[in-house]
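For reference, the chains in residue letters:
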Amino acid sequence: QALVDDPDLITNAVEETLRYEPPSPIQGRWVARDVEFHGTVVPRGSKMALLNASANRDERHFPDPDRYDVHRQIDRHLSLGYGTHFCIGGALARLEGRVALAETLKRFPRLTVDEDRLERIHTTTVRGYTHVPVTPGGPLPRDSPFSPPRLLRDRQASLAHEIADLHDGGFHAVELAGDLVGQA
């Protein structure tokens, strides 16, 4: 309802949505040289899984990180990459998100999502839904277009499967959240 009442929040809602539920929560990289993280040396030539979705939930950078908040002050997140690995289509993705959300809420200010019938796409690299049943009438959810508790449960289950798949593939899992988000 906050976005219907104050459309100026839509830009921040897009950023919070990207932070809260990144479209690509994990990135694979080859390690170019020996590197040490938190006392663990990862040798050159290793496969590395960067869990940017975890970094976007780092409580050292985002207070109450598991709460979806369209009023949150966001100076950066890793959902579209960082530095030389920043998504070339990031500006377009943000624009499309803002336009889609603004136009949808203009046309359907009381949109509801049937959360019991949501269906997620299941891949190891991309996040999203294959089925989002909506009703144009009824009360708009208070905090987000989708229920954050349900998204969090789904995200945790999905990440557990993704990490297990990566471990089976020989990837090194290292906590990088503070290292990535803490840098300017």
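Counting of residues starts from 1 at the beginning of each chain's written sequence and follows it residue by residue. A pLDDT threshold of at least 70 governs which residues receive local features in this predicted model, and a stricter bar of 80 or more applies before side-chain atom pairs are shown or counted, although totals over entire chains, interfaces and linings include all residues. To get the side-chain values, all heavy atoms of the structure are used, and hydrogens and water are removed first.

Asks: Residues and numbers for helix α4 (residues 90–107), please.
Replies: Here a helix means four or more residues in a row that DSSP labels H or I, a strand means two or more in a row labelled E, and each is numbered from the N terminus. To estimate the expected span of a helix, count its residues, drop one, and scale the result by 1.5 Å. With 18 residues, α4 should reach 26 Å at 1.5 Å per residue; the first-to-last C-alpha distance of 26 Å fits that figure. Listing the buried residues of α4 in full gives G90, L101 and L105. Taken down its axis, α4 places every buried residue within 20 degrees of arc, on the same side. Pointing more than 90 degrees away from the buried face of α4 are the exposed residues A91, K106 and R107. What makes two residues a contact is simply this: any of their non-hydrogen atoms within 4.5 Å. Tucked inside the fold, the buried residues of α4 contact α1 (2–5) and α2 (10–20). When accessible area is computed with a 1.4 Å probe and restricted to protein chains, residues below 20% of their type maximum are described as buried, those above 50% as exposed, and intermediate ones as partly exposed. Directions from the helix axis toward the C-beta atoms define the arc.

Asks: Residue-level account of the packing of aromatic side chains, with values.
Replies: Aromatic rings from Phe, Tyr and Trp, with only the six-membered ring used for Trp, were paired whenever their centres fell within 6.5 Å, and each pair was classed as stacked if the ring planes differed by under 30 degrees, edge-to-face if by over 60, and tilted otherwise. Inspection of every chain in the model, using the stated rule, returns 1 aromatic pair. With centroids separated by 5.5 Å and ring planes inclined at 90 degrees, the aromatic side chains of Y20 and Y68 adopt a geometry described as edge-to-face. Of the two residues, Y20 sits in helix α2 while Y68 sits in the loop between α3 (52–55) and α4, which places them 48 residues apart along the sequence. The aromatic ring of F62 is capped on one face by R19, whose charged end is 5.2 Å from the ring centroid. Definition used: whenever NZ (Lys) or CZ (Arg) falls within 6 Å of the ring centre and also within 35 degrees of the ring normal, the charge is taken to sit over that ring. Over the aromatic face of Y20 sits the side chain of R57, whose NZ or CZ is 4.1 Å from the ring centroid.

Asks: Explain the environment of L9 to me, using residue names and the numbers behind them.
Replies: With respect to the helices, strands and loops of the structure, L9 is situated in the loop between α1 and α2. By relative accessible area, which is 14% here, L9 ends up buried. The spatial distance from the C-alpha of L9 to the C-alpha of R98 is 9.9 Å, given a sequence separation of 89 residues. Once you skip the residues sitting within four places of it in the chain, L9 turns out to touch A2, L3, V70 and H71.

So far we have only geometry, and geometry alone does not tell us how the molecule works.
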